[in-house]
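Chain by chain, the residues run as shown.
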Amino acid sequence: MTKALALEDLQPGTSVQMAVGANQVLIHRESQDVVHAYSAVCTHQGCIVGVNDDDASSPFVCPCHASKFDKLTGDTVAGPAQRPLTRHETAIKDGWILVQVEPA
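Residues numbered from 1 in each chain as written. Predicted model: local features only at pLDDT ≥ 70, side-chain atom pairs only at ≥ 80, totals over all residues. Heavy atoms only, no water.

Named according to an unreviewed UniProt entry, the protein chain is Cytochrome bc1 complex Rieske iron-sulfur subunit originating from Enteractinococcus helveticum. Turning to the protein chain, the UniProt record has this under Cofactor (unreviewed entry): "[2Fe-2S] cluster". (UniProt positions renumbered as here; feature names shortened; annotations may be inferred.)

Here it is as structure tokens:
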């Protein structure tokens, strides 16, 4: 598990797209104790999926072809992507969000 960011830097209901180890990831903090992480690589053509800063409740969106992904499951909610984002195991420990990724 790799330290991604301090828990205090991601409030419940918010998301961030960032590099962790050798991976681009999307991290969504659902609640005080629940965090989800996914590969930020779109399953359609490999563009980097981003976070909509204007609307915390909206899905993750790929800027290339507008595929949309659910923040809680990583599932595709609008195509052209057909497969969900790859999920990364997460943990919260000692005030840090940890994500299982390949080391840098």
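There's plenty left to go through after this.
Engineer: Residues and numbers for the overall build of the protein chain, please.
Structural biologist: Looking only at helices and strands, one finds 0 helices and 10 strands in the protein chain. Seen in sequence order, the protein chain has helices and strands lined up from the N terminus as β-β-β-β-β-β-β-β-β-β. Against the compact-globule benchmark of 13 Å for 104 residues, the protein chain has a radius of gyration of 13 Å, which places it among compact chains. Judged by the C-alpha coordinates and their principal axes, the protein chain covers about 40 × 30 × 20 Å. Sorting the 104 residues of the protein chain into buried and exposed places 37% on the buried side. For the protein chain, the share of sequence-separated contacts (at least 6 apart) that also reach a separation of at least 24 residues comes to 43%. Surface exposure of the protein chain reaches about 5,600 Å², of which carbon and sulfur atoms provide 48%. Here the protein chain contributes 7 positively and 12 negatively charged side chains, and the mean placements of these two sets differ by 4 Å. (Helix = DSSP H or I, 4+ residues; strand = E, 2+ residues; numbered from the N terminus. Rg over C-alpha atoms; globule rule 2.2 N^0.38 Å. Buried < 20%, exposed > 50% of the residue type's maximum accessible area, 1.4 Å probe, protein only. Contact = heavy atoms within 4.5 Å. Areas by Shrake-Rupley, 256 points an atom, 1.4 Å probe, with all protein chains shown as cover. Lys, Arg positive; Asp, Glu negative; His and termini not counted. Charge placed at Lys NZ, Arg CZ, Asp CG, Glu CD.)

Engineer: Can you explain the sheet that holds strand 1 (residues 2–6)? Please cite residues and give values.
Structural biologist: Taken in spatial order, the 3 strands make up an open sheet running 1-10-9, and their pairing is antiparallel. Every other strand in the sheet has two partners, leaving strand 1 and strand 9 (90–93) as the edge strands with one partner each. If you compare each strand with its neighbour and ignore which way they point, the axes differ by 30° on average. Here strand 9 runs beside strand 10 (residues 96–99); their pairing, made up of 4 bridges, is antiparallel. Residue pairing for strand 10: Ala91 is matched across the bridge by Leu98. (Pairing = 2+ DSSP bridges. Axes fitted to C-alpha atoms, helices over the stretch in contact; angles between N-to-C directions.)

Engineer: Any chance you could break down the state of the cysteines for me, citing the residues and the numbers?
Structural biologist: Enumeration according to the criterion identifies 1 disulfide in this entry. Two residues, Cys47 and Cys64, share a disulfide whose sulfurs are 2.0 Å apart. A torsion of -100° about the S-S bond marks the disulfide between Cys47 and Cys64 as left-handed. Of this pair, Cys47 sits in the loop between strand 4 (34–39) and strand 5 (60–61) while Cys64 is found in the loop between strand 5 and strand 6 (68–69), placing the two residues 17 residues apart along the sequence. Assessed through its relative accessible area of 18%, Cys47 is described here as buried. Its sulfur unpaired, Cys42 is 3.9 Å from the next cysteine sulfur, which belongs to Cys62. (Disulfide = S-S within 2.5 Å.)

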